[in-house]
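Remarks on the overall topology
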Amino acid sequence: MKHAFLSAAAAVAFAVLLTLTVRCGRKTTARTTPAIPMQTTVAPSASQAGTELQAPQPFDRNYFLPVLREGEIVSLDLRTYLTGVLLAELPASFSEETCKAQAVACRTYALRSYDRRRHQGAAVCTDSACCQGWLDPSTVSADRRAGAEAAVDATDGLAIFYDGELIDATFFSCSGGQTEDAAAVWGGDLPYLRSVPSPGEEGATHFSDEQRVPLAEFQAALRSADPSVSFPEALGAWVGNVTRTTGGGVDVMVLGGRPFRGTELRKIFGLRSTAFTLTLTADEAIFKTSGFGHRVGMSQYGAEAMARTGKRFDEILTWYYQGVTVERADP
Ligand SMILES: [Zn+2]
């Protein structure tokens, strides 16, 4: 466990962050944040507080989120929820600024989900393939839990906005060196989810990978996706034109005479990403992939590389989500 979180440093960071407003690019207008449910706390009045400046009330401890977990809906305060998300979504070795960037992205996701009760009335579930993973903080060591809690507390209430609205703060493991446009993966263009370079990820487990598929299986999988594909005798004729996305992914690849989207091929063959090359041999189809995940938004390994060169969490966020602001969400 390498979270070198010092409580004194966290307290200073917290104090600084309470007044921190990061502005990058477009000016914000009125923000939309779901109302704080269930509990409210009242800040002491100026007369009670004397002349000292009072910190705003903690946001995360007072915001309760309905979470679908193992078939049951539980109400978790945002601090507990985000601590569990960090424990589930990030390697324990990642540094403090990466954890803080991740906490802000995950808080943004949670706040944005609040009004969308997609899970039997709950805002989010704990399946990482659907929403964000969650690991019960009481099941890990006190040291590890304290590290995650420090990152959540140091960014208390901070979220990411574009044009006054909470953003779709997507993230993934590793880009392979360049992130992807949202439009290339999901079809809809989002100005803050566009392809950016993501250097320094070479140490990631799946920075580059090779996946081999026996040729007969390769043909069968494509035939079941589209029975009209045909495979002439000459192997060289199986692969036709390939177009690529801005982020280096396969946009369209013609296989067996039929155009397949890169996202479709990723699903058919369980590829780690859409950034791949394909080589056919007499026995096998060999996919060489770069990165792991949809590659849209913040790269966790890229964020860690930035953190290790001294970048702050807000600099990481405004790099991967272009034109956004990082601000305290208003109750
Ligand atoms: Zn879900």
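What this report covers is the structure whose coordinates are included nearby. (Residues numbered from 1 in each chain as written. Predicted model: local features only at pLDDT ≥ 70, side-chain atom pairs only at ≥ 80, totals over all residues.)

Some words on the overall build of the protein chain
Of the regular secondary structure elements, the protein chain holds 10 helices and 14 strands. Counting every position in the protein chain, which comprises 331 residues, the buried fraction comes to 45%. In the protein chain, the proportion of contacts linking residues at least 24 apart, taken out of those at least 6 apart, comes to 71%. (Helix = DSSP H or I, 4+ residues; strand = E, 2+ residues; numbered from the N terminus. Buried ≥ 20, exposed ≤ 12 C-beta atoms within 10 Å, placed from the backbone. Contact = placed C-beta atoms within 7 Å.)

Digging into the pairing of strand β9 (residues 250–255)
For strand β8 (residues 239–244) and β9, the ladder comprises four bridges, and the chain directions are antiparallel. Within the sheet, the bridge partner assigned to Thr243 lies in β9 and is Val252. As paired strands, β9 and strand β10 (residues 258–261) are joined by four bridges and run antiparallel to one another. From the neighbouring strand, Val252 faces β10, where its bridge partner is Arg261. Turn length for the β9-β10 hairpin, with the two strands adjacent in sequence and antiparallel, is two residues, and the turn residue Gly256 shows positive phi of about 60°. (Pairing = 2+ DSSP bridges.)

Here we look at the sheet that holds strand β7 (residues 208–214)
Spatially, three strands are ordered β7-β12-β11 in an open sheet, and the strand pairing comes out antiparallel. The open sheet terminates on both sides in strands that have one partner only, identified here as β7 and β11 (276–280). Averaged over all pairs of adjacent strands, the angle between their axes in this sheet comes to 20°, without regard to strand direction. Note: β11 against strand β12 (residues 284–290), five bridges, orientation antiparallel. Bridge assignment links Thr279 to a residue of β12, and that residue is Ile286. Sheet strands touched by helix α7 (residues 215–225): β7 and β12. Its angle to β7, the strand with the most contacts, is close to 85°. (Axes fitted to C-alpha atoms, helices over the stretch in contact; angles between N-to-C directions.)

Some remarks on the sheet that holds strand β2 (residues 72–77)
Taken in spatial order, the three strands of this open sheet run β2-β1-β3, and their pairing is mixed. This sheet does not close on itself; its edge strands, each paired only once, are β2 and β3 (124–125). Here strand β1 (residues 64–69) runs beside β3; their pairing, made up of two bridges, is parallel. What sits directly across from Val67, in β3, is Val124.

Some words on helix α10 (residues 313–320)
For α10, the tally of buried residues reaches seven of eight residues, placing the bulk of the element in the interior. Next to the buried residues of α10 lie α4 (96–113), β4 (158–162), β13 (298–299), α9 (300–308) and β14 (325–328).

Topic: the nonpolar core
Ranked by internal contacts, the top residues of the largest apolar core, which has 70 residues, are Leu65, Leu86, Val104, Ala105, Ile160 and Leu317. Per-element tally for this core: the top contributor is α4, with nine residues. In contact with Ile160, not counting residues within four places along its chain, are Val104, Ala105, Thr108, Ile167, Ala169, Leu317, Tyr321, Val324 and Val326. The next biggest cluster of nonpolar side chains, apart from the first, holds 13 residues, and it includes Trp238, Leu271, Phe276 and Ala285. (Core = buried A, V, L, I, M, F, W, Y, C linked by C-beta atoms within 7 Å.)

Brief notes about the environment of Glu264
Residue placement: Glu264 occurs in helix α8 (residues 262–269). Taking the C-alpha atoms as reference, Glu264 lies 8.8 Å from Thr274; in sequence the two are 10 residues apart.

Looking at the environment of Leu111
Mapped onto the elements of the fold, Leu111 is located in helix α4. For Leu111, a count of 23 C-beta atoms within 10 Å puts it in the buried group. For the pair formed by Leu111 and Val124, sequence separation is 13 residues and the distance between their alpha carbons is 10.0 Å.

Looking at helix α3 (residues 78–89)
Taking 1.5 Å of rise per residue, the 12 residues of α3 would be expected to cover 16 Å, and the 16 Å separating its terminal C-alpha atoms lies within 8% of that figure. Counted residue by residue, α3 has 11 buried out of 12 residues, so it is predominantly covered. Of all the positions in α3, only Leu78, Arg79, Thr80, Tyr81, Leu82, Thr83, Gly84, Val85, Leu86, Leu87 and Glu89 are classed as buried. In this structure, the buried side of α3 is in contact with β1, β2, α4 and α5 (142–154). (Expected span 1.5 Å × (residues − 1).)

A short note on unusual backbone geometry
With a phi close to 50°, Gln120 is a non-glycine residue in the positive phi region. Following the sequence through the fold, Gln120 ends up in the loop between α4 and β3. Even without glycine at this site, Arg295 takes up a positive phi of about 70°. With respect to the helices and strands, Arg295 occurs in the loop between β12 and β13.

Overview of the packing of α3 against α5
The geometry of a pair of packed helices is captured by two quantities: the angle between their axes and the separation between those axes. Look at α3 against α5: their axes get within 9 Å of each other, and the N-to-C directions meet at 120°. With respect to α5, the element α3 is oriented oblique. For the pair α3 and α5, the crossing hand works out as right-handed. Here Arg79, Leu82, Thr83, Leu86 and Leu87 of α3 come into contact with α5, specifically with Arg144, Arg145, Ala148, Glu149, Ala151 and Val152. (Parallel < 35°, antiparallel > 145°, perpendicular 65-115°, else oblique. Left-handed = near helix turned anticlockwise from the far one by under 90°.)

With respect to the packing of α4 against α9
In contact at an axis separation of 8 Å, α4 and α9 are set at 135° when each is read in the N-to-C sense. Relative to α9, the element α4 lies oblique. Along this stretch, α4 crosses α9, giving a crossing that reads as right-handed. In this structure, α4 uses Glu97, Thr98 and Ala101 to contact α9, whose residues at the interface are Ala303, Glu304 and Ala307.

In short, geometric facts, not functional conclusions.
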